[in-house]
Amino acid sequence: MAFVELEDGSWINPDLIESIFKANQSDTSWQAGMNHGESTYITDSDRIHILKTAGLVKIKKEKYDE
C-alpha cells in the first residue's frame with residue numbers, strides 16, 4: 001500500500017481510488033472518487049503523480065550525457 005502526498009500536504013492511498021474525474025468539463029480541477037463514497041479535490045499534477053504511483057503511466061527515465 002503506497003501513499004501519495006498531494007500538493008496541499010495531505011496524503012491519499014491510490015488503492016482506495018475508484019475514479020478520477022472532472023466534475024465540470026470546462027474546469028481545470030479534478031476529483032478523486034474514493035471507494036467509501038467520498039471524493040476529494042486534486043490538482044492536475046496530483047492526478048499524474050497518483051497514476052504514476054499506481055503503475056498506470058510509465059515513468060520516463062532521463063538519459064544523462066556524460
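Computed from a prediction, not measured in an experiment: that's the story for all the values here. (Residues numbered from 1 in each chain as written. Predicted model: local features only at pLDDT ≥ 70, side-chain atom pairs only at ≥ 80, totals over all residues. Heavy atoms only, no water.)

> Looking at this structure, I do not really get helix α1 (residues 44–53). What am I missing?
Note: α-helices contain 3.6 residues per turn, so residues at a spacing of three or four share the same orientation. Restricting attention to buried positions, one finds in α1 the residues Asp46, Arg47, Ile50 and Leu51. When α1 is viewed along its axis, its buried side chains cluster within an angular range of 130° and face the same direction. Buried residues along α1 sit in contact with β1 (4–5), β2 (11–12), β3 (17–21), β4 (30–34) and β5 (39–42). Just downstream of α1, Gly55 is the residue with a positive phi angle, here 85°. (Buried < 20%, exposed > 50% of the residue type's maximum accessible area, 1.4 Å probe, protein only. Helix = DSSP H or I, 4+ residues; strand = E, 2+ residues; numbered from the N terminus. Arc of directions from axis to C-beta. Contact = heavy atoms within 4.5 Å.)

> Whenever I open this one, the pattern of salt bridges confuses me. Can you help?
Once their charged atoms are close, side chains differing in charge can pair, the charge on each being opposite to the other. In total, this model carries one salt bridge according to the counting rule given. When the shortest N-O distance is used, the salt bridge between Asp44 and Arg47 registers 2.7 Å. Here Arg47 and Asp44 lie together in helix α1, a separation of three residues that amounts to about one turn. The exposure class of Asp44 is partly exposed, given its relative accessible area of 37%. With a relative accessible area of 17%, Arg47 lands in the buried category. (Salt bridge = Lys/Arg side-chain N within 4 Å of Asp/Glu carboxyl O.)

> What exactly am I supposed to notice about the sheet that holds β5 here?
The pairing of strands in a sheet happens through backbone hydrogen bonds and is either parallel or antiparallel. Taking strand neighbours across the sheet as the criterion, the three strands line up as β3-β4-β5 in an open arrangement whose pairing is antiparallel. Of all the strands in the sheet, just β3 and β5 have a single pairing partner and so form its edges. The mean angle between the axes of side-by-side strands here comes to 25°, regardless of whether they run parallel or antiparallel. In this structure, β3 lies alongside β4, joined through four bridges in antiparallel fashion. Among the inter-strand pairings, Phe21 is bridged to a residue of β4, identified as Gln31. (Pairing = 2+ DSSP bridges. Axes fitted to C-alpha atoms, helices over the stretch in contact; angles between N-to-C directions.)

The analysis is restricted to geometry; functional conclusions fall outside its scope.
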